[in-house]
Amino acid sequence: MKKAIFLLNGKETPYRPGQTLLEATQAIGFHIPTLCHLKETTPTGACRICLVEITGARSLMAACSTPVAEGMEVFTETERVHNTRKLNVELLLASGKHDCLICEASGDCRLQELAYYYGIKELKFSQDEKFYPTDDENPFIIRDFSRCIRCGRCIQACNELVVNRAISYGYRGKDSKVVTGGDGPYTDSECVFCGQCVEVCPVGALTEKKAKGRARAWETNKIRTTCPYCGVGCQQWLHVKDGKITKVTAVEDGEPNMGRLCVKGRFGYDFIYSEERLKTPLIRENGNLREASWDEALDLVAGKFKEIIAAHGPDAIAGVSCARSINEDSYQMQKLFRAVIGTNNIDHCART
Amino acid sequence: MTNSFADFAKAKMIFVIGSNMTEAHPVAASLLKMAVIGGAELIVVDPRRTSLVDLANLHVPIKVGSDVAFLNGVMNVLITEDLYDKKYVESCTMGFEELKKKVLEYPPERAAAISGVSAEMIRDVARRLAAVHPAMLMYTLGITEHICGVNNVMSCANLQMLLGNVGFECGGVNPLRGQNNVQGACDMGALPNVFPGYQRVDNPQAREKFAAAWKVEKLPEKPGIMIPQMIEGLLDGKVKAFYVFGENLANTEPDIRHVEHCLSSAEFLVCQDIFPTETTRFAHVILPAAAWSENDGTFSSSERRVNRVRTVSAPPGEARPNWWIFKEIAKRMGHEWEANSAQEIWDNEVSQYAPSMAGIKYARLEKNGLQWPVPSLEHEGTSFLHKEGCFTCGLGVLAPIDWIPPAEVPDADYPLVLSTGRRLYHYHTRTQTGRSQGLNELLGEETADISEADAEKYGIEHGEMIAVKSRRGRVVVKANVTRQVPEGLVWMAFHFREGCANWLTNPAYDPITQTAEYKACAVAIEKLA
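Residues numbered from 1 in each chain as written. Chains lettered and ligands numbered in written order. Predicted model: local features only at pLDDT ≥ 70, side-chain atom pairs only at ≥ 80, totals over all residues. Heavy atoms only, no water.

**Q** Could you give an account of the domain arrangement of chain A, with specific residues and numbers?
**A** Domain boundaries in chain A define domain 1 (5-77), domain 2 (129-273) and domain 3 (282-351). For domain 1 of chain A and domain 3 of chain A, the distance between their C-alpha centres works out to 63 Å. (Domains from an automatic or database assignment.)

Take a look at the structure:
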């Protein structure tokens, strides 16, 4: 069979029939800038940043939504392409308040990156000034419509990635807005606060309330880990500054969640910082608990176990391991019971 | 799970029974919903109209505890209408004749009378399932938390084998496991009958192997007791010392009043935890432990995937990693253990002694982890089990199963069924989620979810405080009148101490697994004056 070929900036390039131009170029590691494109979802072609020139086509075409055709001649870096993309970035910059200095997303903003990449030196168009009011009537998500560029990534994520179907486009033309059913706050909607919309927002329109003011993107390092809640095993990035988690995001290409998290996985991390944490061994004395050293507490436990084994045999001791802690902890506990105490009375909550 | 979460997003036919995964396993549900909006067919079997039903082609609202009768009815249709996978059954399974004899006792009309759905719906389910191969079956605690939990699970397996669905991508029998590392705790042998890697304690070779590994003369051969027996043992004195690591038994076990009586009778109770809980109130010694993100290690997920967990910060105060605490106790009892980190424990012990995890070493877990069995260092892991119906144990066993009713059914005094489960915004007894800022704002108290019909019958308004009582206890909670719940059912969770469903639940257990029947007991509701 003849290999499917198209011409990318004059160079013969293979593709799989059915691929979009963006997919075909990404497959060979060739970069076309995007903004609204969201992997695994239907392309919307909303932002016009991935425009390319195709021989024979009257207008520039969006690479994200144009299927490759055999022999198609595509140019990605012509002056016309460059100028149009730049113009589109300038229009987006005029669409709202994009004041990076005070924006939570600064340093992690696609629009900021594009403005820099296209060498925009001044704001060419006057900025819109009237915006829908901010919705922050919930504990987790701030919806600042003055920064929204209506790229639709949040809508694609909500409807196609997590399929919670809580938001869509509302109103028309310059009044258009990302709305919940009935255009109320998130709390009065189908929203389940998974925060996927925040994760995919390329600007500062959707930000995390709990992370606000905690750290600039460049001040954190990311540590990969596994979610401590249910048994799905979602892969997380813990964003850490000065040894503390400032926010949690999903590992985009991590199995099995592939970029998704739920409300507990994304926002339920700060229990570890609770003042109520147990911080020292405690021993009950005369009915009350008092603080003790590790040596004292461990000697007491080991001593009492030995005493009970001597008097009643090892089967008079029983233990329950923890299904939330790491494998190695459960391994050690069953080893303690079997090899040291001498009983198989070890169980955990799998049955309950 | 026999299969992987990646299959959820690719499956063509999905059969969900006893799983409210949109709340208990939200990301798994998202993957499944992606498959459905992409054209997959979805059948949801659940007494409640859970939110997954919004996307389902068919909702089968069976009565609580009627699963075996319903599944036998479906299999009856598969056999009588000749819709089952004969080739698969002949070559991959055994026991078909016995199964056939049993399910022929459950014609759709009889199954319908027990399960409360129509015979026509049962036929519809069977025909739909037979039309697409493979179908993927998922279940959660709606299947297991019954006195017939084992039978429910075997019925799910029967159905999938009869349809020839086990051993293929996007097929299989897939229990969604509740806790982040409940799979791992099983894999590690925190069970009374098996060593790490499911090697049985009553097998002399296994005992010999572990005795050598752990440098001890001998290991106990008699399987140990399970949690309910441990708790009862505190009362009758069979258990003198009870070591509870990271469990809040005082809230999670059925019949709280009785459980607390047992815990308060303990001669010596050691609790090892990250927070004071309702259970630590009874402890004689409390050992403060490191939490998630405070030590390196691994979790094993539902899909048998061993994933890395990494350290962000040191535990607070004097709190220490759990593995260290166990090692220190062992030392004080005369045993010096070599491993001095989670990695050393895994690389030098777990993967040495558990053949199904022999190929898993920390160095191989940097990114996506590995799904066991991973028998060698070259092996890439196993995304689904029993490939092409070649069962690891030989032939798949089709087991004839009879339906039995729940241990406690409604009567004149307690005319309603209470079923329990989890809600989205909290996890179990809220030791973690209750201390994570914001989640209490989204769900701040327990409710009793009741149907519109029962609300009308008892004259109860949505949001009104009501009493729910069973033979074991009484709680006062807010009524949540909802279309999710059918008439005759009260549905509650156990996230809040006040109004915890476990003041009411029935400590009746599956005879094999000792899993409690959290999903069914009899209650009455009262309008408060």
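The discussion continues.
**Q** So what about the environment of A:Lys306? Which residues, and what values?
**A** Note that A:Lys306 resides in helix α7 (residues 294-312). You can call A:Lys306 partly exposed: its relative accessible area is 43%. When the C-alpha positions of A:Lys306 and A:Gly342 are compared, they lie 11 Å apart, and in sequence the two are 36 residues distant. Discounting residues that sit within four places of it in the chain, A:Lys306 has contacts with B:Arg332 and B:Met333. (Helix = DSSP H or I, 4+ residues; strand = E, 2+ residues; numbered from the N terminus. Buried < 20%, exposed > 50% of the residue type's maximum accessible area, 1.4 Å probe, protein only. Contact = heavy atoms within 4.5 Å.)

**Q** Can you explain the pattern of salt bridges? Please cite residues and give values.
**A** Under the criterion given, the structure shown has 57 salt bridges over all chains. The partner of A:Asp99 in a salt bridge is A:Arg147, with the nearest N and O atoms 2.5 Å apart. Taken together, the residues A:Asp99 in the loop between α2 (79-93) and α3 (110-117) and A:Arg147 in the loop between β6 (141-143) and α4 (153-161) connect sequence positions 48 residues apart. Look at A:Arg147 and you get buried, because its relative accessible area is 9%. Between B:Glu81 and B:Arg127 there is a salt bridge; the shortest N-O distance is 2.7 Å. With B:Glu81 in the loop between α4 (67-80) and α5 (86-92) and B:Arg127 in helix α8 (residues 119-131), the pair connects residues that are 46 residues apart, well separated along the chain. Classification of B:Glu81 as partly exposed rests on a relative accessible area of 31%. Given the relative accessible area of 36%, B:Arg127 is considered partly exposed. The network of salt bridges with common partners includes A:Asp295, A:Asp299, B:Glu328, B:Lys331 and B:Arg332. (Salt bridge = Lys/Arg side-chain N within 4 Å of Asp/Glu carboxyl O.)

**Q** Requested: an account of the interface of chain A and chain B, with residues and values cited.
**A** Listed per partner, the contact involves 111 residues of chain A and 145 residues of chain B. Taking both sides of the interface into account, the surface hidden between chain A and chain B amounts to around 11000 Å²; carbon and sulfur atoms contribute 63%. At the junction of chain A and chain B, the tally comes to six salt bridges. Between A:Glu276 and B:Arg435 there is a salt bridge, with its nearest N and O atoms 2.4 Å apart. In this assembly, chain A and chain B are joined by 68 residue pairs in polar contact (both at pLDDT 80 or more). Ranked by residue count, the leading element in the side of chain A that touches chain B is helix α8 (residues 327-341) of chain A, at 15 residues. Of the residues belonging to the side of chain A that touches chain B, the class tally is 57 nonpolar, 28 polar and 26 charged. Note: strand β13 (residues 282-285) of chain A against strand β11 (residues 285-288) of chain B, two bridges, orientation antiparallel. Bridge assignment links A:Ile283 to a residue of β11(B), and that residue is B:Val285. (Buried area = accessible area lost by both parts, 1.4 Å probe. Polar contact = N/O pair within 3.5 Å; in protein donor to acceptor, adjacent residues only side chain to side chain. Nonpolar A, V, L, I, M, F, W, Y, C, P; charged D, E, K, R; others polar. Pairing = 2+ DSSP bridges.)

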